Amino acid sequence: MGVTTFPGNPEIPLKLRKNARARRMTLRISRVDGGVTLTVPRGVSEREALAFAAEKRDWVMGHLSKRAGPALVGPGDRLDVGGQSFEIVAGSARRLLVADGRITLPAPVETGRIHLQAWLKEQARIALTRASDHYSERLGLRYTRLTLRDTRSRWGSCSSTGALMYSWRLILAPKFVLDYVAAHEVAHLKEMNHSANFWRVVDQLYGPHHDARAWLRQDGPKLHRFRFGA
């Protein structure tokens, strides 16, 4: 059905999606980017779908009003890195400096943000490599390589060839969350599924993981707010 606008003012993009298996119309708001999707069963017209959406407008606006918008990181902000809180300050040097709970950006600020993002990715690689090595050693299986991406749909993955992939934004999460994701993906080296056996492996490697999974569900999407460029 494509993309239209949500009935009312202000206009909100609304993605209409046909699903032959759907039994009723459903509205979903993405926790990552706030996108609104209306799924409709076969036989429902666009007019009917928009009328249904109009009835749910107050509910949608209520949820969207609670979402924090994108945040361009800069001087005066605080950023949690690897579980430690840092103050972001402006500097005049040519390189980024990290000391005494401060991250001093090189000038100009626009360039400083680029340096900051590069440093965050470096810290993510160090922390995730350390965690992956730890859990793979405990499991007795080796991974083939480790890559970082800025993925929105998943925090990590493990391929059938043993290649691990992680979102570099995990470095902005608490350490226990980063460690859980590493243990989760390493567990796939043994169980390429989410069966009961897989979760037993996760338990053996990491231990109780309810809190880490709950944090990712509730607070994980907020990590995508941070922007480091215009």
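The model shown is predicted, which means the values in this text are computed figures rather than measured ones.

Asks: Can you walk me through helix 3 (residues 109-139) in this structure?
Replies: In an α-helix, one turn spans 3.6 residues; hence positions three or four apart end up facing the same way. Between its first and last C-alpha, helix 3 extends 44 Å over 31 residues, near the 45 Å set by a 1.5 Å rise per residue. Positioned one or two residues after helix 3, Gly 140 has a phi angle of 80 degrees, which is positive.

Asks: Any chance you could explain the side chain of Ser 167 here in plain terms?
Replies: With respect to the helices, strands and loops of the structure, Ser 167 is situated in strand 12 (residues 163-167). On the basis of relative accessibility, which here comes to 0%, the residue Ser 167 falls in the buried class. If we ignore the near neighbours within four places in the chain, the residues touching Ser 167 are Leu 128, Arg 149, Thr 151, Arg 154 and Trp 155.

Asks: Please explain the sheet that holds strand 10 (residues 145-149) as it appears in this structure.
Replies: The pairing of strands in a sheet comes from backbone hydrogen bonds and takes either a parallel or an antiparallel form. Ordered in space as 10-12-11, the three strands form an open sheet in which the pairing is mixed. Each having just a single partner strand, strand 10 and strand 11 (156-158) make up the two edges of the open sheet. Across the sheet, the mean angle from the axis of one strand to that of its neighbour is 15 degrees, orientation sign disregarded. Examined bridge by bridge, strand 11 and strand 12 share three bridges and lie antiparallel to one another. Residue Cys 158 lies in a different strand from strand 12, and its bridge partner there is Leu 164. Its contacts with the sheet put helix 3 on strand 10 and strand 12, and the angle it makes with strand 10 is roughly 145 degrees. On the sheet, helix 4 (residues 175-187) packs against strand 11 and strand 12 and is oriented at approximately 155 degrees with respect to strand 12.

Asks: How should the sheet that holds strand 6 (residues 78-81) be read in this particular structure?
Replies: The sheet built from four strands is open, its strands ordered 6-7-9-8 with mixed pairing. The sheet is open, and its two borders are formed by strand 6 and strand 8 (97-99), each paired with just one other strand. Averaged over all pairs of adjacent strands, the angle between strand axes in this sheet comes to 30 degrees, irrespective of strand direction. Both strand 7 (residues 84-90) and strand 9 (residues 102-105) contribute to a ladder of four bridges, which runs parallel. In the strand pairing of strand 9, Val 89 is matched with Thr 104.

Asks: Can you walk me through the layout of surface pockets in this structure?
Replies: Left-over empty space is what a probe sized like a water molecule reveals as it rolls over the atoms. Here the largest pocket is characterised by a volume of approximately 500 Å³. For the largest pocket, the lining is made up of 23 residues, of which Ser 153, Arg 154, Trp 155, Gly 156 and Leu 216 are closest to its centre. For the lining of the largest pocket, the elements supplying multiple residues, two or more each, are strand 11, helix 4 and helix 6 (210-218). If you tally residues by element for the lining of the largest pocket, the top one is helix 4, at four residues. A class-by-class count of the residues in the lining of the largest pocket yields nine nonpolar, eight polar and six charged.

Asks: What is the right way to look at the pattern of salt bridges in this model?
Replies: Any two side chains of opposite charge can pair, so long as their charged atoms come close to each other. For the structure shown, the criterion picks out four salt bridges. One salt bridge in this structure joins Glu 87 and Arg 102, with 3.6 Å as the shortest N-O distance. Pair noted here: Glu 87 is in strand 7 and Arg 102 is in strand 9, with a separation of 15 residues, a long-range link. By relative accessible area, which is 26% here, Glu 87 ends up partly exposed. Here Asp 179 ties to Lys 175 by a salt bridge, and the two come within 2.7 Å at their closest N and O atoms. Within this pair, Asp 179 and its partner Lys 175 are both found in helix 4, separated by four residues, close to a single helical turn.

Asks: Sorry, what's going on with the packing of aromatic side chains here?
Replies: The relative placement of two aromatic rings is captured by the distance of their centres and the angle of their planes. Considering all chains together, one arrives at four aromatic pairs under this definition. For the pair Tyr 180 and Tyr 206, a centre-to-centre distance of 5.6 Å together with 70 degrees between the ring planes defines the contact as edge-to-face. Of the two residues, Tyr 180 sits in helix 4 while Tyr 206 sits in the loop between helix 5 (196-205) and helix 6, which places them 26 residues apart along the sequence. Under the relative-accessibility criterion, Tyr 180 is labelled buried at 4%. Here the basic side chain of Arg 225 rests over the ring of Phe 226, its NZ or CZ set 5.9 Å away from the ring centre.

What counts and what doesn't
- Residues numbered from 1 in each chain as written.
- Predicted model: local features only at pLDDT ≥ 70, side-chain atom pairs only at ≥ 80, totals over all residues.
- Heavy atoms only, no water.
- Helix = DSSP H or I, 4+ residues; strand = E, 2+ residues; numbered from the N terminus.
- Expected span 1.5 Å × (residues − 1).
- Buried < 20%, exposed > 50% of the residue type's maximum accessible area, 1.4 Å probe, protein only.
- Contact = heavy atoms within 4.5 Å.
- Pairing = 2+ DSSP bridges.
- Axes fitted to C-alpha atoms, helices over the stretch in contact; angles between N-to-C directions.
- 1 Å grid on protein atoms, 1.4 Å probe; cavity = no way out; pocket = protein on both sides within 12 Å on 5 of 7 lines; lining within 4 Å.
- Points joined across faces, edges and corners; volume = space filled by probe spheres on them.
- Nonpolar A, V, L, I, M, F, W, Y, C, P; charged D, E, K, R; others polar.
- Salt bridge = Lys/Arg side-chain N within 4 Å of Asp/Glu carboxyl O.
- Phe/Tyr/Trp six-rings, centres within 6.5 Å; stacked < 30°, edge-to-face > 60°.
- Lys NZ or Arg CZ within 6 Å of the ring centre and 35° of its normal.

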